[in-house]
Amino acid sequence: MSNDDSFPIGGINYPRTLQEFDQWFSTEEACVVYLKRLRWPDGFICPICHGKKCWHTETGLIRCAACQRKISVIAGTIFQGTRKPLKLWFQAMWYVTSQKFGGNALGLKRVLGLGSYQTAWSWLHKMRCAMVRPERERLSGNIEVDETLVGGEEHDGKRGRGAGRKSIVVIAVEVHEPKGFGRIRMQRIPDASGRSLIAFVCNSVEPGATILTDSWGGYNALQQNGYKHRKVNLSESGDPAHVVLPGVHRISSLLKRWIIGTLQGSLSNKHLDYYLDEYTFRFNRRNSKARGLLFYRLLQQALMISPVTYRKIVGRKIDAPDSID
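Residues numbered from 1 in each chain as written. Predicted model: local features only at pLDDT ≥ 70, side-chain atom pairs only at ≥ 80, totals over all residues. Heavy atoms only, no water.

## Description of the side chain of His-271
You can see His-271 is positioned in the loop between α9 (246–263) and α10 (272–284). The class for His-271 is buried, based on a relative accessible area of 11%. Looking at His-271, its side chain comes within polar contact range of the main-chain oxygen of Ile-313, at 3.3 Å. Apart from the residues lying within four places of it in its own chain, the contact partners of His-271 are Trp-121, His-125, Ile-313 and Val-314. (Helix = DSSP H or I, 4+ residues; strand = E, 2+ residues; numbered from the N terminus. Buried < 20%, exposed > 50% of the residue type's maximum accessible area, 1.4 Å probe, protein only. Polar contact = N/O pair within 3.5 Å; in protein donor to acceptor, adjacent residues only side chain to side chain. Contact = heavy atoms within 4.5 Å.)

The following block contains the structure:
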C-alpha cells in the first residue's frame, strides 16, 4: 500500500470490490497491518514520547524503544477496548460504506451475525462519530443557511420558529454558480436564537463568506462576525422559501427522505446528531465513484478520533453553543 494518502488509489490503497476486500482482509493479522499503515503512514510515532524506534512483541503489541511503553495499534481509537475481531469491524465498515443510503442496526446485525442488536446499534453510532473528520475545513464562498424541524408529528398546530416536540436543525450549504451545490454542514440546536445560529455559522463557515438567509433576526449579527450577509424577506419577495433558498430546502427534503427510507422514520431526537453526521458524510462524498474509497476514508478517520464508549453514546446531550461576543 502506498504511503501517500492524499490521492489514494483503488487496488493499491483500498480494495475496489467485495472480492478484493475478502482477499485483502482474510486474516486478523492482515487487518492489523493495514491499520498500522493507515495510522503511521510515515513510520511508527509513539503517542506517549513521540519516539520513532520500536519493536513488536510476541503478543502483537508495539514497544517504544525510547519510553519502553507497550502500545496497541487500536489504542486511542474507536476500536479501543473491543472484544470483537478487527476483521468483523472491517466487514461492518465495508457494509455501511458500500450501501448507497447506509444501513440500520437490524440490517448490520443480520449481515454480520452479531449476537445482539445493542452491539450493532453502538457500532453504527461509533462509526458515525468517525464520519466527522477532526479539523475539517469550513465551508466557503456563497452559503445558504436556514433551519428545519426534524422529528415526530405535531398535533397542536404549532407554527413558526418554535420546535415543540421536534428538533431544530440548522443547515448550511455551499451554492455554486451557475448551479449546483457543494458541501454541507448540519447541527441540532436548542433554539433559533442568535446565540445558537451565529455560533453554528462561525463553527461551520469561513469568515468572509457570503451568507444568504431569510429575514429572521437571529442572523443579524453575521456582519459583526466577519461575514457578508444577504437576507431576503420572504413575505415581501413574493417567492416561496424553496425558491429563495433552494439549497437548504433541497437538503432538508433529502435528509427527511433518507431518515424515512433508511431508518424507517424511527430515530431518537437525543441521538439525532449521529444521523446528521452520517448524512453529511454521505452527501459530501456523493460524487465519489469508488465505494472502496469511502471505506478507506472512514477507517482513516476512525483512527483519528478518541474512543467512544457506549455510556457516552446513550448519554449524549445537545451541545450548548459557544458564546459569541
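The discussion continues.
## Section: the packing of helix α2 (residues 28–39) against helix α3 (residues 86–98)
What describes two packed helices is the angle between their axes and the distance between those same axes. Contact geometry for α2 and α3: axes closest at 8 Å, N-to-C directions at 70°. Accordingly, the angle class assigned to the pair α2 and α3 is roughly perpendicular. Listed contacts from α3 to Glu-28, Cys-31, Val-32, Tyr-34 and Leu-35 of α2 are Leu-86, Lys-87 and Phe-90. (Axes fitted to C-alpha atoms, helices over the stretch in contact; angles between N-to-C directions. Parallel < 35°, antiparallel > 145°, perpendicular 65-115°, else oblique.)

## A closer look at unusual backbone geometry
The linkage connecting Glu-177 with the following residue, Pro-178, adopts the cis geometry, with an omega of 0°. Take Pro-178: it is sitting in the loop between β5 (167–175) and β6 (181–189). The backbone of His-50 sits at a positive phi, close to 65°, despite the residue not being glycine. Structurally, His-50 can be placed in the loop between α2 and β1 (54–56). Located in the positive-phi region is Gln-68, a residue other than glycine, with phi close to 65°. Structurally, Gln-68 is set in the loop between β2 (62–64) and β3 (70–71).

## Focus: the sheet that holds β1
Judged by pairing direction, the sheet is antiparallel, and its 3 strands sit side by side in the order β1-β2-β3 without closing on themselves. Either end of the sheet is taken by a strand with one partner, and the two such strands are β1 and β3. As defined by bridge partners, β1 adjoins β2 across 3 bridges and the pair is classed as antiparallel. Note on β2: the bridge partner recorded for Trp-55 is Arg-63. (Pairing = 2+ DSSP bridges.)

## With respect to the sheet that holds strand β7 (residues 210–214)
Spatial strand order, β6-β5-β4-β7-β8: 5 strands in an open sheet with mixed pairing. Here the strands that pair on one side only, and so sit at the sheet edges, are β6 and β8 (228–232). When the angles between neighbouring strand axes are averaged without regard to direction, this sheet yields 25°. Strands in contact with α9 are β4 (142–150), β5 and β6; relative to β4, the strand with the most contacts, it is inclined by about 40°. The strands touched by α10 within the sheet are β4, β5 and β6, with β6 carrying the most contacts at an inclination of about 180°.

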